[in-house]
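Single-letter residue listing:
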Amino acid sequence: MATDTRKRPIIATMIGDPAGVGPEVSAKAIATGEPQQLSRPILIGDTRAIEAAIAKSKLGIAIQPIRSIDEARFEERTVVVLDTGELHAGDYQTGEPSAAAGRAVVRWIRLADRLAEARAIDGWIMGPVDSTSLKLAGEIESIDDLQPPNTWMFRISGPLRVAPITEHIRIRDVPQTVTKEAVLNLIRLVDSTMRRWGIAAPRIGVAGLNPHAMFEEDKERIAPAVNEAKQAGINCRGPISPDSIFRMGLDGHFDAIVSMYHDQGQIALKSAAFEGACTIYLGLHFVRLSVPHGTAMDIAGQGRAQHLSMLAAMKTAALLAAGGGFLKEFR
Amino acid sequence: MASRRQARPIVISQGDPAGIGAEVILKAAATLSRGKRAPRLVVIGDIAAMRAAADRIGNVPEPIEWHPGEAIPSLTRRIAVMSIGKLSPSAYRPGKPSVEGGDAAYRYVVEAARMTMRGDARAMVTAPISKEWINRAGHRFPGHSELLAKLARTRLWRMMFVGTELRLALVTVHIGLARVPRALSIEKVFQTIMLLAAHLRERLDVRRPRIGVLGLNPHAGENGLFGDEEQRIIGPAIERARHARIAAFGPLAPDTAFGRVEGKFRFDAAVAMYHDQGLIALKTLDFDHAVNVTLGLPFVRTSPDHGTAFDIAGCNRASASSMIAAIDYAGRASAV
């Protein structure tokens, strides 16, 4: 057991906005004891908020406060908390967005990224953040600013896993972003990242851009990219009709799907709506993942929040960081 | 009158004789014959081709030659086939489409439409054809809906898709994504909402249909942050529909629109701006039972949402579930 411990990846969870349900779902997930079987978990965030969540839901776990990662002892029934200490009592109210919480969240995000860059941790999870808090803090203009540069979103919902070329852009701007280079680049990134995650020869489906994948962009840009990827030894197929490919993904035909724009994959992901959906950023050397739900300010601090998404995120991050593939269970 | 309406059959055009049309019709008939109220069906096609398919499959109602005016047999043992011409055997060899077969498929559709327009049939269902082979046979044929609209002298029509739970109409259909934003107009979106609402009221007896209208852009543009079609086109079209006393609402964020509240959609039917926006949701939720309906025609027309599947024709592997759903929907929509 002791030797095992050292191999298990250190996965940090940034609790998200301390006024939302983030502290509660993080503490509840840790209290299940399941993340500890796969990883050495720590929480980053406001100690007071985590304490309150533990007390409210009578989780019966203790807190080990740390200043740096090497102080962490990972004992049973104990949650390791790294707090930067900038939030004081009264800086924010549970259930309400605030500039103070927004500023703290941005500091915690930067801290987590620094720790991961320095390989002090093997990956981290972003708990639910609040766009109003972040805007009040003047730190960001839109939630998109939180995405690290040169990364792509990889979304998971049950057996469906999708990486789109672009995120929040106008539909009229989409076709020009679908170039052979962009498609090939993303196929390669999905392939190499999934191999690192422990999927030996990932089966990648590539969506077309247009109905039935039978228009110019499909034939002259996507098809050549797929062919080049195949020649490079990547197990990929496409362009596949957008209205069939996600169904095929749900039926287990692919390990991942490269999609051409945001809504193409999102409509399928959200319609399928499995418990424990999450998003991972491609293009980083460490696992960085976020939970799909929001801060749910209306039920914050009441002990009523559901932690299954957070638990799935913690287990997924642990498995991927250790090269153990995806979580097999989903609902 | 009501009994006469009930007595009228649903006509089914056989589709391309080299495709899976005959197979899915016969399998659907076999399943429907075991149900409580088996519909009356007449296949418009070729008796020899239907018989050959029935022999291959086995355990399906026996195709018998039928002529207008004759009694329609009960589906339990037999299925009526009205032959239009007589195909040479090479034209119904599975998986081997031909000009002769393409020409026949076209004539089956035209005859089924005429019977329905005359009132001799209560609704029509079309089995899959091959556009390519109909065109090779010398007919101008962009698609079923276009042909039927022309025969019925209807200018305004839209495609609608129906799953077990989801119903949606499309503003644009088979155009590239690059052309979609320019193809949208207040008028087109408004017309789609109105045709869909009329269908729900008149054919499905939904008194006050709630119509959810999707946006075009991610998150419906987030107040103009990424795209203004919601503000310029879709919003005003919804307003117009509301002035016309239709309970339309939106523009909805396309990815969350199909989320359910307590197991139900927030609308009776949805309007999607482009093909994949609607069909990705439909096929994710409901891949096997989707039915295609043409809105705006003076009669009910449905079809299964698959193609001729020449590659598996004659292999007895085709699923009839979409054809069953298409016949079932045609019956329900023509009962009111």
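Residues numbered from 1 in each chain as written. Chains lettered and ligands numbered in written order. Predicted model: local features only at pLDDT ≥ 70, side-chain atom pairs only at ≥ 80, totals over all residues. Heavy atoms only, no water.

Draft legend 1. Focus on the overall build of chain A. The helix and strand inventory of chain A stands at 12 helices and 12 strands. Taking 20 Å as the expected radius of gyration for a compact globule of 331 residues, we find that chain A reaches 20 Å, a close match to that expectation. A burial count over chain A gives 58% of its 331 residues as buried. Across chain A, every contact between residues at least 6 apart in sequence was considered, and the portion connecting residues at least 24 apart equals 73%. When the accessible surface of chain A is split by element, carbon and sulfur atoms take 48% of a total near 13,400 Å². Here chain A carries 37 positive and 38 negative side-chain charges, and the mean point of each set is 4 Å from the other. (Helix = DSSP H or I, 4+ residues; strand = E, 2+ residues; numbered from the N terminus. Rg over C-alpha atoms; globule rule 2.2 N^0.38 Å. Buried < 20%, exposed > 50% of the residue type's maximum accessible area, 1.4 Å probe, protein only. Contact = heavy atoms within 4.5 Å. Areas by Shrake-Rupley, 256 points an atom, 1.4 Å probe, with all protein chains shown as cover. Lys, Arg positive; Asp, Glu negative; His and termini not counted. Charge placed at Lys NZ, Arg CZ, Asp CG, Glu CD.)

Draft legend 2. Representation of the domain arrangement of chain A. Residue and element names in this part refer to chain A. On domain assignment, one finds that chain A holds domain 1 (5-151 + 276-321) and domain 2 (159-270). Spacing between the C-alpha centres of domain 1 and domain 2 amounts to 31 Å. Facing the 10 residues of domain 1 at the interface are nine residues of domain 2. Counting the surface lost from both domain 1 and domain 2, the interface buries some 710 Å², and carbon and sulfur atoms represent 64% of this. It is D144, L282 and L320 in domain 1 that bury the most area against domain 2; as a group they hold 62% of the surface buried on that side. Where domain 1 packs against domain 2, one counts one residue pair in polar contact (both at pLDDT 80 or more). (Domains from an automatic or database assignment. Buried area = accessible area lost by both parts, 1.4 Å probe. Polar contact = N/O pair within 3.5 Å; in protein donor to acceptor, adjacent residues only side chain to side chain.)

Draft legend 3. Spatial organisation of the interface of chain A and chain B. Each partner contributes residues to the interface: chain A has 29 residues there, and chain B has 30 residues. Summing both sides of the interface, chain A and chain B together bury roughly 2,700 Å²; the carbon and sulfur share of this comes to 63%. Taken as a group, I171, D243 and I267 of chain A account for 24% of the area that chain A buries against chain B, more than any other trio of residues on that side. Our count for the contact surface shared by chain A and chain B stands at three salt bridges. A salt bridge links K270 of chain A to D255 of chain B, with the nearest nitrogen and oxygen atoms 3.6 Å apart. The tally of links between chain A and chain B comes to six residue pairs in polar contact (both at pLDDT 80 or more). Of all the elements in the fold, those that place two or more residues in the side of chain A that touches chain B are α7 (174-177), α10 (242-250) and α11 (262-272) of chain A. Of all the elements, α11 of chain A adds the most residues to the side of chain A that touches chain B, at nine residues. (Salt bridge = Lys/Arg side-chain N within 4 Å of Asp/Glu carboxyl O.)

Draft legend 4. Spatial organisation of the packing of aromatic side chains. Under the definition given, this model contains seven aromatic pairs over all chains. On the numbers, 5.8 Å between centres and 0° between planes, the contact of F265 of chain B with F267 of chain B is stacked. Residues F265 of chain B and F267 of chain B agree in their burial class; the two are buried. In this structure an aromatic cluster arises from ring pairing among F154, W197 and F326 of chain A. The ring of W133 of chain B carries R136 of chain B above its face, with NZ or CZ at 4.1 Å from the centroid. (Phe/Tyr/Trp six-rings, centres within 6.5 Å; stacked < 30°, edge-to-face > 60°. Lys NZ or Arg CZ within 6 Å of the ring centre and 35° of its normal.)

Draft legend 5. Quick look at the packing of helix α8 (residues 186-204) of chain B against helix α11 (residues 321-333) of chain B. Residue and element names in this part refer to chain B. Two elements in contact, α8 and α11, have axes separated by 8 Å at closest approach and are oriented at 75°. Viewed along their axes, α8 and α11 adopt a mutual orientation that is roughly perpendicular. Between α8 and α11, the contacting residues are H199, R203 and L204 on the first element and Y329, R332 and A333 on the second. Looking at the contact of α8 with α11, its residues break down into three nonpolar, one polar and two charged. (Axes fitted to C-alpha atoms, helices over the stretch in contact; angles between N-to-C directions. Parallel < 35°, antiparallel > 145°, perpendicular 65-115°, else oblique. Nonpolar A, V, L, I, M, F, W, Y, C, P; charged D, E, K, R; others polar.)

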